[in-house]
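Residue-level listing of the chains:
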Amino acid sequence: MKVLSLFDGMSCGMIALDRLGIKVDKYYASEIDKYAIQVSQNNYPEIIQIGDVCDIKAEDYQDIDLILSGSPCQGFSFAGKQLAFDDPRSALFFEFIRLLKEIKPKYFLLENVNMKKEFLDVISEQVSSCYPELPFGIERIKINSALVSAQNRVRWYWTNIPDITQPEQRGIVLRDILETNSFENSAETHDTPKQIATAIDVNGHDILKRVYSEDGKSPVVTTCGGGNTEPKVVVQSYREVRTEEAKRLRRESKQKTGKDHTPFRAKKIVPREDGKVGTVTPGLNNDHMISLTRDKDQDVYWRKITPIEAERLQTVPDNYTDCVSTTQRLKCLGMVGRL
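Starting from 1, residues in each chain are numbered consecutively following that chain's sequence as written. Local features are withheld for residues below a pLDDT of 70 in this predicted model, meaning they are given only at 70 or higher, and side-chain atom pairs are given and counted only at 80 or more; totals for whole chains, interfaces and linings count all residues. To get the side-chain values, take all heavy atoms of the structure and skip hydrogens and water.

## Re the overall build of the chain
Counting secondary structure elements, the chain contains 8 helices and 13 strands. Should any heavy atoms of two residues lie within 4.5 Å, those residues are considered in contact. Taking the contacts inside the chain whose residues are at least 6 apart along the sequence as the reference set, 59% of them involve residues at least 24 apart. Secondary structure follows DSSP: runs of H or I at least 4 residues long count as helices, runs of E at least 2 residues long count as strands, and numbering of each begins at the N terminus.

Laid out in structure tokens, this is it:
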């Protein structure tokens, strides 16, 4: 089989083909992010990198058997601004349509995020127009990755591959993907906090759920450490910390950065009642914080997600991304960057 993967990222399409035991004679990858390409080449050096999708000439790839595509989703996503096709990143979808029409491979598979029905309908119409011989067009298929991972992650698929069925529920939860379950060790307390920072983003919105503050006010994050002990992260309510201290930190941060926010910015990863986590979306840095505590009457302890845990959360092999920096690993895994 000869494969053309558009918006290839770090070649997760190749991971899937490997797991299915499908022999790949040639795999052409269209990608422009140098770190994603580095990860791809480190794991699959035989992959042929062909650069920007806009520069691909269909006549050079007429022998392709399968086109894979997951065009940029920021304009469609409910977590984003929902500019849809007005967002230049999501407008790249039409490059996929161009190549699908001109190459007309035996098979194709398109994936994208959960979005408004009007956007789904446009995509379905465009994809169906590439295969007018199919009387009922191409029907979209909704699959939640929670069936095969610890993450609730609804995605839509368009394909002409026959007999698609829902994956079997594997019952994977957050605890299953952790490198360690020793959150009990994080319950240690220390006398002197090294840092106190309000958990707000650049727009002044609370990032951590208010349920963790009994008084309903914004929570405060305290990073503690002592001696050779690894720093621990504890969520407390404003009631436990002087308001003047929080104001002072905001004031100092604004003087340093010119922005009215504290330097601490993080996204929460906490288990739901079923043990899984919600859809993980990109943060502003690599501070995705994990907690296994849900009860608001208990202390809530946090720590950063590790790259291996992020890989497992996205069903990528352990250390698949270890050839780049931690920040770039998490970016490749969809956890760093602006929407």
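## Points about the nonpolar core
Here is a general trend for soluble globular proteins: nonpolar side chains tend to be buried in one another's company. Each nonpolar core is a collection of buried residues, namely Ala, Val, Leu, Ile, Met, Phe, Trp, Tyr and Cys, held together in the definition by side-chain atoms within 4.5 Å. Burial here depends on accessible area, computed with a 1.4 Å probe over protein chains only, as a share of the maximum for the residue type. Under 20% is buried, over 50% is exposed, and the range in between is partly exposed. Counting 31 residues, the largest nonpolar core has Tyr 27 and Leu 313 as its most contacted members. For this core, the elements supplying multiple residues, two or more each, are helix H1 (12-20), strand E2 (26-30), strand E4 (66-69), helix H5 (174-177) and helix H7 (307-313). Ignoring any residue separated from it by four or fewer positions in sequence, one finds Tyr 27 in contact with Val 3, Ser 5, Asp 8, Ser 11, Gly 13, Met 14, Leu 17, Ile 47, Ile 48 and Leu 68. Tyr 61, Phe 96, Tyr 131 and Trp 156 belong to the second largest nonpolar core, which has 29 residues in total.

## A look at the sheet that holds strand E3 (residues 48-49)
Backbone-to-backbone hydrogen bonds pair the strands of a sheet. The strands run either parallel or antiparallel. Pairing between two strands requires that DSSP report at least two bridges joining them. Pairing is mixed across the open sheet formed by 7 strands, whose spatial order is E3-E2-E1-E4-E5-E7-E6. In this open sheet, the two edge strands, each paired with only one partner strand, are E3 and strand E6 (141-144). Sheet strands in contact with H1 are strand E1 (2-6), E2 and E4, and its direction is about 155 degrees off that of E2. Fitting a line to C-alpha atoms yields each axis, with helices limited to the stretch in contact; the angle taken between N-to-C directions then spans 0 to 180 degrees. Its contacts with the sheet place helix H4 (residues 117-128) against strand E5 (107-113) and strand E7 (154-159), and it is angled at close to 20 degrees to E7.

## Quick word on the state of the cysteines
When two cysteine sulfur atoms lie within 2.5 Å, the pair is treated as a disulfide. If you walk through the whole model with that rule in mind, you get 0 disulfides. Cys 332 forms no disulfide, and the closest cysteine sulfur to it belongs to Cys 323, at a distance of 8.0 Å. According to the relative accessible area criterion, Cys 332 is partly exposed, its value standing at 22%.

## Digging into the confidence of the model for the chain
Scored between 0 and 100, pLDDT is the confidence that the predictor attaches to each residue. In this model, the chain carries a mean pLDDT of 75, and residues with pLDDT of at least 70 account for 63%. Confidence drops under a pLDDT of 50 for residues 75-80, and excluding neighbours within four residues, the segment shows 25 contacts in the predicted structure. Here residues 182-243 scores under 50 on pLDDT; set against residues more than four positions off or in separate chains, the count is 126 contacts.

## A closer look at the packing of aromatic side chains
Two rings belonging to Phe, Tyr or Trp (six-membered ring only in the last case) form a pair when the distance between their centres is within 6.5 Å. Interplanar angles under 30 degrees mark stacking, angles over 60 mark edge-to-face geometry, and anything in between is tilted. Going through the model one piece at a time under the given rule, you end up with 6 aromatic pairs. Between Tyr 28 and Tyr 61, the ring centres sit 5.0 Å apart and the planes meet at 80 degrees, which makes this aromatic pair edge-to-face. Here the residue Tyr 28 occupies a position in strand E2, and Tyr 61 occupies one in the loop between E3 and E4, the gap between them amounting to 33 residues. Ring centres of Phe 96 and Phe 108 lie 6.4 Å apart, and the angle between their planes is 50 degrees; on these two criteria the pair is classed as tilted. Within this pair, whereas Phe 96 is found in helix H3 (residues 93-103), its partner Phe 108 is found in strand E5, the two being separated by 12 residues in sequence. Of the two residues, Phe 96 and Phe 108, both sit in the buried class.

## Looking at the pairing of E4
Because side chains alternate across E4, one face comprises the buried residues Leu 66 and Leu 68, and the other comprises Ile 67 and Ser 69, equally buried. The sheet contact formed by E1 and E4 spans 4 bridges and is parallel. Residue pairing in the sheet places Leu 6 in a bridge with Ser 69 of E4.

## What to know about H1
The complete set of buried residues in H1 reads Met 14, Ile 15 and Leu 17. Taken around the axis of H1, the buried residues stretch over an arc of 165 degrees, which confines them to a single face. Exposed residues on H1 whose side chains face more than 90 degrees from its buried face are Arg 19 and Leu 20. Against the buried residues of H1 lie E1, E2 and E4. Phi for Gly 21, located one or two positions after H1, is positive at around 75 degrees. By construction, the arc corresponds to the directions joining the helix axis to the C-beta atoms.

## Observations regarding the packing of H3 against H4
Two numbers describe how H3 lies on H4: the axes approach to 10 Å, and their chain directions differ by 20 degrees. Taken together, the axes of H3 and H4 lie roughly parallel to each other. Handedness of the H3/H4 crossing: right-handed. The residues of H4 that touch H3, namely those facing Phe 93, Phe 94, Phe 96 and Ile 97, are Ile 123, Gln 126 and Val 127. With respect to orientation, any angle under 35 degrees is reported as roughly parallel, any angle over 145 as roughly antiparallel, any angle of 65 to 115 as roughly perpendicular, and every other angle as oblique. Throughout, a crossing is termed right-handed when the near helix is turned clockwise from the far one, and left-handed when it is turned anticlockwise from it by less than a right angle.

## Re the pairing of E1
Most of E1 sits inside the fold, with 4 of its 5 residues counted as buried. In this structure, E1 lies alongside E2, joined through 5 bridges in parallel fashion. Bridging from a neighbouring strand, Leu 4 pairs with Tyr 28 of E2. After leaving E1, the chain enters H1 and then returns to the sheet as E2, a path that is right-handed. Consider the strands pointing away from the viewer: the crossover is right-handed when the path from the first strand over the helix to the second runs clockwise.

## Some thoughts on unusual backbone geometry
Positive phi is not limited to glycine here, since Asp 163 has a value of about 60 degrees. Residue position: Asp 163 is located in the loop between E7 and H5. Here Thr 315, not a glycine, exhibits a phi torsion of approximately 60 degrees, which is positive. If you trace the backbone, Thr 315 turns up in the loop between H7 and helix H8 (326-332).

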